[in-house]
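Chain by chain, the residues:
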Amino acid sequence: MTRRVSPLTLVIATVAALIGGGAVAAPAAASPAPAPGGDAAVQQTVLYYDASGAAEFQDAVAAGAAEWNAAVDNVELVPAEPGRRAEITIVATDGWPMATLGPVRPGGSATVWFGRQAVQEGYDTVRIASHELGHNLGLPDVKPGPCSSLMSGSTGGVGCTNATPNDQERSRVEQLYGGGAAAQTPAAGTVLVDRP
């Protein structure tokens, strides 16, 4: 005769074991089957960026990278220390913002051209940085689009300051960098210009 154990009993036993440092064995019939891939730890891809050429936009770039770091788990954008090769290079230009479409991989190369023309027309600098880094992470433009879509870029309007990726954008980046994607061949993307 198999004894049934409630899920609550299993949770209580597990917590007690963790707190007390002891082991509690649950009946084999009560153990749930592991989900496919459920045991695999998140393999975070670290991408280094060099904002030394971003001139007056260095703080905006750091804030844009922080938006992505807060939004996703599978990839982290880290400032490159002097002398370290960076996968993403950010440079200030006088034209419209542009970026290489990724997803860039470790050892790969992508660029963000942080265009002053958009800033002079009133577009938010942190949104520009986050949007262009989104291209490097593999997201195309979604135009026209609402302000709630980071990848709507300039079509979100001059007054739009949203620099946070929405659920679909976060999910797509998680997919692109999940499941050991860091080992894939570096992407050689096209350049996207974010002009209205």
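- The name an unreviewed UniProt entry assigns to the chain is Extracellular small neutral protease, from the organism Nocardiopsis endophytica.
- Here the chain is described in UniProt, under the heading Catalytic activity (unreviewed entry), as follows: "Hydrolyzes proteins with a preference for Tyr or Phe in the P1' position. Has no action on amino-acid p-nitroanilides."
- Quoted verbatim from the Sequence similarities (unreviewed entry) heading of the UniProt record, the comment on the chain is "Belongs to the peptidase M7 family."

1. Observations regarding the pairing of strand S5 (residues 110–115)
Right, so step 1: Burial of S5 is extensive: five of the six residues sit out of reach of the surface.
Right, so step 2: Inspection of the sheet shows strand S3 (residues 88–93) paired to S5 by six bridges, in the parallel sense. In the strand pairing of S5, Ile90 is matched with Val112.
Right, so step 3: Where strand S4 (residues 98–100) lies against S5, two bridges are found, and the strand directions are antiparallel. By the bridge assignment, Ala99 is partnered in S5 with Val112.

2. A few points about the environment of Gly95
Right, so step 1: You can see Gly95 is positioned in the loop between S3 and S4.
Right, so step 2: The exposure class of Gly95 is partly exposed, given its relative accessible area of 28%.
Right, so step 3: As for Gly95 and Arg116, which are separated by 21 residues in sequence, their C-alpha atoms are 6.0 Å apart.
Right, so step 4: Those residues in contact with Gly95 that lie beyond four places of it in its chain are Gly115, Arg116, Gln117 and Ala118.

3. Some words on the pattern of salt bridges
Right, so step 1: Across all of its chains, the model carries three salt bridges by this definition.
Right, so step 2: One salt bridge in this structure joins Asp167 and Arg170, with 2.0 Å as the shortest N-O distance. With Asp167 and Arg170 both in helix H5 (residues 167–177) and three residues apart, the pair spans about one turn of that helix.
Right, so step 3: Overall, the relative accessible area of 22% leaves Arg170 in the partly exposed class.
Right, so step 4: Members of the salt-bridge network, linked through shared partners, are Glu56, Asp94 and Arg116.

4. Examining the packing of aromatic side chains
Right, so step 1: Scanning the model with the defined rule gives two aromatic pairs in all.
Right, so step 2: Between the aromatic rings of Phe57 and Phe114, the centroid separation amounts to 4.2 Å while the plane-to-plane angle is 10 degrees, which identifies the pairing as stacked. Here Phe57 is found in the loop between strand S1 (45–53) and helix H2 (58–71), whereas its partner Phe114 is found in strand S5, with 57 residues between them in sequence.
Right, so step 3: A relative accessible area of 5% means that Phe57 is categorised as buried.
Right, so step 4: Their ring planes at 65 degrees and their centres at 6.0 Å tell us that Trp96 and Tyr123 sit as a pair that is edge-to-face. One end of the pair, Trp96, is in the loop between S3 and S4; the other, Tyr123, is in the loop between helix H3 (116–120) and helix H4 (125–136), and 27 residues separate them in sequence. Comparing Trp96 with Tyr123 shows no difference in burial state: the two are buried.

5. Let's talk about the packing of H2 against H4
Right, so step 1: Relative orientation of the contacting elements H2 and H4 amounts to 55 degrees, with a least axis distance of 8 Å. Classified by the angle between their axes, H2 and H4 sit oblique to one another. Of the two elements, H2 crosses H4, and the hand of that crossing is right-handed. For the pair H2 and H4, contact is made by Ala60, Val61, Ala63, Gly64, Ala65, Glu67 and Trp68 and by Thr125, Val126, Ala129, Ser130, Leu133 and Gly134, respectively.
Right, so step 2: Residue composition of the contact of H2 with H4, grouped by class: eight nonpolar, four polar and one charged.

6. Overview of the pairing of strand S2 (residues 75–79)
Right, so step 1: Here five bridges tie S1 to S2, and the two strands are oriented parallel to one another. If you follow Tyr48 over to S2, its bridge partner there is Val78.

7. Section: the state of the cysteines
Right, so step 1: In the structure shown here, the tally under the stated rule is one disulfide.
Right, so step 2: Note on cysteine connectivity: Cys147 is disulfide-linked to Cys160, with sulfurs 2.0 Å apart. Here the disulfide of Cys147 and Cys160 is right-handed, its torsion about the S-S bond being about 80 degrees. Of the two residues, Cys147 sits in the loop between H4 and H5 while Cys160 sits in the loop between H4 and H5, which places them 13 residues apart along the sequence.

Procedures and definitions
- Residues numbered from 1 in each chain as written.
- Predicted model: local features only at pLDDT ≥ 70, side-chain atom pairs only at ≥ 80, totals over all residues.
- Heavy atoms only, no water.
- UniProt positions renumbered as here; feature names shortened; annotations may be inferred.
- Buried < 20%, exposed > 50% of the residue type's maximum accessible area, 1.4 Å probe, protein only.
- Helix = DSSP H or I, 4+ residues; strand = E, 2+ residues; numbered from the N terminus.
- Pairing = 2+ DSSP bridges.
- Contact = heavy atoms within 4.5 Å.
- Salt bridge = Lys/Arg side-chain N within 4 Å of Asp/Glu carboxyl O.
- Phe/Tyr/Trp six-rings, centres within 6.5 Å; stacked < 30°, edge-to-face > 60°.
- Axes fitted to C-alpha atoms, helices over the stretch in contact; angles between N-to-C directions.
- Parallel < 35°, antiparallel > 145°, perpendicular 65-115°, else oblique.
- Left-handed = near helix turned anticlockwise from the far one by under 90°.
- Nonpolar A, V, L, I, M, F, W, Y, C, P; charged D, E, K, R; others polar.
- Disulfide = S-S within 2.5 Å.

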